[in-house]
Amino acid sequence: MRVASLALSHFRSHRRTRLAFDAPLIAVHGPNGAGKTNLLEAVSLLSPGRGMRRAAAEEIIRRPEAVGWRVLATLGDHEVELRAEPGQPRSTRIDGKAAPQVALARLTRVLWLTPAMDRLWLEGAEGRRRFLDRMTLSFFPDHAEASLAYEKAMRDRNRLLRDGVRDALWYEALEVQMARVGAALHARRTEALALLAAAQDEAGPFPAAALALSGPDEDPRDEAGLLDALAASRPRDMAAGRTLVGPHRTDLDGAYAAKDMAARLCSTGEQKALLISLILANARALASREGEPPILLLDEVAAHLDAGRRAALYAELAALGTQAFLTGTGPELFDGLDAQHLEVTEEAGESRVQQA
């Protein structure tokens, strides 16, 4: 399920851009600020969520026109339209019919790696949880719906806590839902890590990563234990004004397996290599499980690799048979890559794309 064509209207720096893709690998190059990453962001929105930049619909609107933006993509046999008018949320249509965002996960899988993710092992747990849930979602499309259900129930519970409500009956229904869905979230995350572990290439050019779920020791993972813990934690939660128990506190531990070294202690280059290894493992696992690889978005990845690892990455992508979009500042970064080349330039604040 590849993107055959992509049309953008008033999407960030792209006023009008129409592209057709005639090769599985697409190398997008041009100077910084020309609008290369904006193309990848548009493709990332073909999956549930806010895309690779986690941008609100209003933030994507091209300035200064400030009119609605639109993305139209041919995805296999399907036409997907995404759009948003000023002040309105993003809407999704598949084959001309309105659809929820979660329906996109059933059409294709989209994985990405961006420069902002380089600090994954150094930042707070929220970023790692988001990374974990994106990987889990790639295997289990219903993970998005479960996450939304858990977050809604938790928001409602937090509101009761902040309002000082003490009647147990108000909490019980919400906590039953949180326990049921929370246990399912943990089970899906655990299964996703097992799939990734099985797909890691121990002898490949990129170091295998050992992953494990972590978090507060007192947080139970099963439904009955979580239900009991939520009830017992109400006084403490009320003092804090928020829920202090549950899968929303889970963290992801990563290590350089061959060195038995925590990822946060590795060098910058090693941390980057571990991330690439995980994205490739995710893609291999999906190809094996679903019968086809996901779409990969690799933003400025080649610039941080030496020639040997660049060649190894390109060989991996070719072997996977995936559709991959790669960006870089110059065509020389893609030497040896059999790809469709697109050059992006910027003129008077508008991105222009041409076949290179």
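A quick note: this is a predicted structure, and the numbers were derived from the prediction, not measured.

1. Side note on the pairing of strand 5 (residues 78-84)
Walk down a regular strand and you will see the side chains alternate between the two sheet faces. Pairing of strand 4 (residues 69-75) with strand 5 involves 7 bridges; the strand directions are antiparallel. Each residue of the ladder has a partner; that of Val71, found in strand 5, is Leu82. Between strand 4 and strand 5, which follow one another and run antiparallel, lie 2 residues, and Gly76 among them has a positive phi close to 65 degrees. As paired elements, strand 5 and strand 6 (residues 91-94) share 4 bridges and run antiparallel to each other. Paired with Leu82 across the strands is Thr92, a residue of strand 6. Hairpin connection from strand 5 to strand 6: 6 residues lie between these consecutive antiparallel strands, with Gly87 at a positive phi of about 80 degrees.

2. A few points about the sheet that holds strand 9 (residues 209-214)
The sheet built from 3 strands is open, its strands ordered 9-10-11 with antiparallel pairing. Strands with a single pairing partner mark the edges of an open sheet, and in this sheet they are strand 9 and strand 11 (261-262). Two elements, strand 10 (residues 251-256) and strand 11, share 2 bridges in a ladder whose sense is antiparallel. Looking at strand 11, one finds that Tyr256 is bridged to Met261. Lying on the sheet, helix 5 (residues 168-199) is in contact with strand 9 and strand 10; it crosses strand 9 at an angle near 170 degrees. Sheet strands touched by helix 8 (residues 268-290): strand 9 and strand 10. Its angle to strand 9, the strand with the most contacts, is close to 85 degrees.

3. Thoughts on the packing of aromatic side chains
Under the criterion given, the structure shown has 3 aromatic pairs. Geometrically, the ring pair formed by Phe11 and Trp69 is edge-to-face, given 5.6 Å between the ring centres and 85 degrees between the ring planes. Here the residue Phe11 occupies a position in strand 1 (residues 3-11), and Trp69 occupies one in strand 4, the gap between them amounting to 58 residues. You can call Trp69 buried: its relative accessible area is 1%. On the numbers, 5.1 Å between centres and 90 degrees between planes, the contact of Phe21 with Phe325 is edge-to-face. In this pair, Phe21 is assigned in the loop between strand 2 (14-20) and strand 3 (25-29) and Phe325 in strand 13 (residues 324-328), connecting sequence segments 304 residues apart.

Calculation rules
Residues numbered from 1 in each chain as written. Predicted model: local features only at pLDDT ≥ 70, side-chain atom pairs only at ≥ 80, totals over all residues. Heavy atoms only, no water. Pairing = 2+ DSSP bridges. Helix = DSSP H or I, 4+ residues; strand = E, 2+ residues; numbered from the N terminus. Contact = heavy atoms within 4.5 Å. Axes fitted to C-alpha atoms, helices over the stretch in contact; angles between N-to-C directions. Phe/Tyr/Trp six-rings, centres within 6.5 Å; stacked < 30°, edge-to-face > 60°. Buried < 20%, exposed > 50% of the residue type's maximum accessible area, 1.4 Å probe, protein only.

No statement about biological role is implied by the geometric values presented.
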